[in-house]
Amino acid sequence: MKIILNEQQLALTIQRLANQLLENHLDLANTVFIGIQPRGIYFSDRIVQQLQSEVAPAAIQYGKLDITFYRDDVRKGLHELNQTEIPFSIENKEVILIDDVLWTGRTIRAALDALLDFGRPAKVELCVLIDRRYSRQLPIQADYVGRPIDSIITQKVKVYWKEKDGKDEVALL
């Protein structure tokens, strides 16, 4: 096991990404943030908390998206259902999709499909904590990246969150 980000590095990375998001979206009136269920929401919660420490919390529109039935592997086993919570319109908004790890691109494709059920955004950007640059199966690239890593297909990236796993850390297994 190799540690990619320890607790302090993870906190700094989240702070940097939140600052980059604010830099590019100064007026948040037309911007919404959507975390991808299940594990992307731990990261999106942290990003939103950091943003709320910088701007008025009421200025941030934040939702959570369950992509279970939009996955192309939904028939290959049981999947745990999560809740979609998008209490606002995304019509003509700039949507920031947030997920923890970008690898093959299939999760993001499913998220884009699911998102269209809620309206037609003006623009969609992607923010990820870890970008596994190799083994992409779809032409998807993140706009905001915490840490790009090179890994082989047999390796796994595990993101640990205090809320779920008792520690904050990113490891390559």
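Preceding this section is the structure that the text describes.
Okay, so let's go over this structure. (Residues numbered from 1 in each chain as written. Predicted model: local features only at pLDDT ≥ 70, side-chain atom pairs only at ≥ 80, totals over all residues. Heavy atoms only, no water.)

### Some details on the overall build of the chain
Phase 1: Looking only at helices and strands, the chain has four helices and eight strands in total.
Phase 2: In the chain, the succession of α and β elements from N to C terminus is β-α-β-α-β-β-α-β-β-β-α-β.
Phase 3: The C-alpha radius of gyration computed for the chain amounts to 16 Å, which stays within 12% of the reference 16 Å derived for 173 residues, consistent with globular compactness.
Phase 4: In terms of overall dimensions, the chain has C-alpha extents of about 40 × 40 × 30 Å along its principal axes.
Phase 5: Here the chain holds 173 residues, and the buried ones make up 46% of them.
Phase 6: In the chain, the proportion of contacts linking residues at least 24 apart, taken out of those at least 6 apart, comes to 70%.
Phase 7: Total accessible area on the chain is roughly 9,200 Å²; 49% of this is exposed by carbon and sulfur atoms.
Phase 8: Within the chain, the 24 negative side-chain charges are centred at a point lying 6 Å from the centre of the 22 positive side-chain charges. (Helix = DSSP H or I, 4+ residues; strand = E, 2+ residues; numbered from the N terminus. Rg over C-alpha atoms; globule rule 2.2 N^0.38 Å. Buried < 20%, exposed > 50% of the residue type's maximum accessible area, 1.4 Å probe, protein only. Contact = heavy atoms within 4.5 Å. Areas by Shrake-Rupley, 256 points an atom, 1.4 Å probe, with all protein chains shown as cover. Lys, Arg positive; Asp, Glu negative; His and termini not counted. Charge placed at Lys NZ, Arg CZ, Asp CG, Glu CD.)

### Considering the pattern of salt bridges
Phase 1: Counted by the stated rule, this structure contains 10 salt bridges.
Phase 2: Close ionic contact of K162 with E7 constitutes a salt bridge, the shortest N to O distance being 2.4 Å. With a gap of 155 residues between them, K162 in helix 4 (residues 162-165) and E7 in helix 1 (residues 7-24) connect regions that are remote in the sequence.
Phase 3: By relative accessible area, which is 43% here, K162 ends up partly exposed.
Phase 4: Here D165 and R39 are joined by a salt bridge, their closest N and O atoms 2.8 Å apart. With D165 in helix 4 and R39 in the loop between strand 2 (31-36) and helix 2 (40-54), this residue pair connects regions lying 126 residues apart in the sequence. (Salt bridge = Lys/Arg side-chain N within 4 Å of Asp/Glu carboxyl O.)

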